[in-house]
Amino acid sequence: MQRAALLDAARSLLSEGGTEALTFPALAERTGLARSSVYEYFRSRAAVVEELCEVDFPVWAAEVEAAMAAAEGTDAKVEAYVRKQLELVGDRRHRAVVAISASELDAGAREKIRAAHGGLIAMIVEALEGLGHSQPRLAAMLLQGVVDAAVRRIELGAAEDPATITEAAVSMALRGVHT
């Protein structure tokens, strides 16, 4: 229960203040634990980050996968892939994953994030194969780049409304730059 409370506090800290806010004193304060107790659960900030990735990313990815499964037709699956990820931007789990991805992490944590993103990419490769794309893996990685750019734009509070950013990302995913 304490570990779950620490992870929830870490999500909140990351969501509110980014990686700089994720400190052991802040975790201790949020959970009412002694700072030394936090170290009993996690040896470092990177360990907190790794566990958040292990716990939160699969849930997030499952939501994207479910949205794609519910979509009928290849174009609809591509659209669901983009829309669901952008819909999740406001979710604390997503905000934590974005903050984590932006931070300087040790090699182990970076590898776990890379592997998790690889699973997300694999979801869309099949849909792109269905469109007859000659290089579906490359196209999937570029498509994720569009999604990642849209996520950053929304997170930064860009001049455009999040719905406008989402529509532009979906349009690029389905039609490229020819809108």
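Residues numbered from 1 in each chain as written. Predicted model: local features only at pLDDT ≥ 70, side-chain atom pairs only at ≥ 80, totals over all residues. Heavy atoms only, no water.

1. Considerations on helix 5 (residues 74-87)
Along an α-helix, residues three or four apart share an orientation, since each turn contains 3.6 residues. Stated precisely, the cut-off is as follows: Counting from the N terminus, the helices are the DSSP runs of H or I reaching at least four residues and the strands are the DSSP runs of E reaching at least two. To estimate the expected span of a helix, count its residues, drop one, and scale the result by 1.5 Å. Only protein chains enter the calculation, and the probe is 1.4 Å; a residue is then buried if its accessible area is under 20% of its type maximum, exposed if over 50%, and partly exposed in between.
For helix 5, which comprises 14 residues, the first-to-last C-alpha distance of 20 Å matches the rise-based estimate of 20 Å (1.5 Å per residue) to within 8%. Residues V78, A80, Y81, V82, K84, Q85 and L86 constitute the buried set of helix 5.

2. A word on helix 1 (residues 2-17)
A rise of 1.5 Å per residue sets the reference length of helix 1, with its 16 residues, at 22 Å; its end C-alpha atoms lie 22 Å apart and thus fit the reference within 8%. Among all positions of helix 1, only L6, L7, A9, A10, R11, S12, L13, L14 and S15 are buried. Two residues or fewer after helix 1 comes G18, characterised by a positive phi angle close to 70°.

3. Things to note about the packing of aromatic side chains
Rule in force here: The rule is short: rings of Phe, Tyr and Trp, with Trp giving its six-membered ring, pair when the centres are within 6.5 Å, and they are stacked under 30 degrees, edge-to-face over 60, tilted in between.
By the definition in use, this model includes two aromatic pairs. Ring geometry for F24 against Y39: centres 4.4 Å apart, planes inclined by 55°, an arrangement best described as tilted. With F24 in helix 2 (residues 24-31) and Y39 in helix 3 (residues 35-41), this pair connects stretches of sequence that are 15 residues apart. According to the relative accessible area criterion, F24 is buried, its value standing at 8%. The partly exposed category is assigned to Y39, whose relative accessible area is 44%. On the numbers, 4.9 Å between centres and 80° between planes, the contact of F57 with W60 is edge-to-face.

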